[in-house]
Amino acid sequence: MHEGHRERMRRRLFEHGNSLTDHELFEILLYEHIPRKDTNPIAHALLDSFIDAEGVFSASPRLLCSVAGVGPRTAEYI
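Residues numbered from 1 in each chain as written. Predicted model: local features only at pLDDT ≥ 70, side-chain atom pairs only at ≥ 80, totals over all residues. Heavy atoms only, no water.

The next thing to look at is the overall build of the protein chain. The number of helices and strands found in the protein chain is six helices and zero strands. Ordered by position in the sequence, the α and β elements of the protein chain form the string α-α-α-α-α-α. A globule of 78 residues ought to have a C-alpha radius of gyration of about 12 Å, and the protein chain, at 12 Å, matches this closely. Reported as C-alpha extents along the three principal axes, the dimensions of the protein chain are approximately 35 × 25 × 20 Å. The buried share among the 78 residues of the protein chain stands at 32%. In the protein chain, 39% of the contacts between residues at least 6 apart in sequence involve partners at least 24 apart. Summed over all atoms, the accessible surface of the protein chain reaches about 5,200 Å², with 53% contributed by carbon and sulfur. Side-chain charges in the protein chain split into 9 positive and 12 negative, and the spacing between the mean points of these groups amounts to 7 Å. (Helix = DSSP H or I, 4+ residues; strand = E, 2+ residues; numbered from the N terminus. Rg over C-alpha atoms; globule rule 2.2 N^0.38 Å. Buried < 20%, exposed > 50% of the residue type's maximum accessible area, 1.4 Å probe, protein only. Contact = heavy atoms within 4.5 Å. Areas by Shrake-Rupley, 256 points an atom, 1.4 Å probe, with all protein chains shown as cover. Lys, Arg positive; Asp, Glu negative; His and termini not counted. Charge placed at Lys NZ, Arg CZ, Asp CG, Glu CD.)

So, on to the nonpolar core. Of all hydrophobic cores here, the largest spans 15 residues; its most connected members are Leu46, Phe50, Val56, Leu64 and Val70. The element contributing the most residues to this core is helix α3 (residues 40-50), with five residues. Among all residues touching valine 56, those that are not within four sequence positions of it are Phe26, Leu46, Leu47, Phe50, Leu64 and Ile78. (Core = buried A, V, L, I, M, F, W, Y, C linked by side-chain atoms within 4.5 Å.)

Given below as structure tokens:
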């Protein structure tokens, strides 16, 4: 992960939240639950698996756990 990436993303959310893509929003959402791992690939995998944000939020924890990098606690968080 690049130095300062998370802080830059948080700043973008604060300053230009409406311009962020779904995968960027999921990447930021996952920061709080996956503190030491690159969440960008997980965000992409969630959207690839469930089409869009509504699909991700509607998926059961069991289905969310089928995505690489998503465990039970992260699935519950989502």
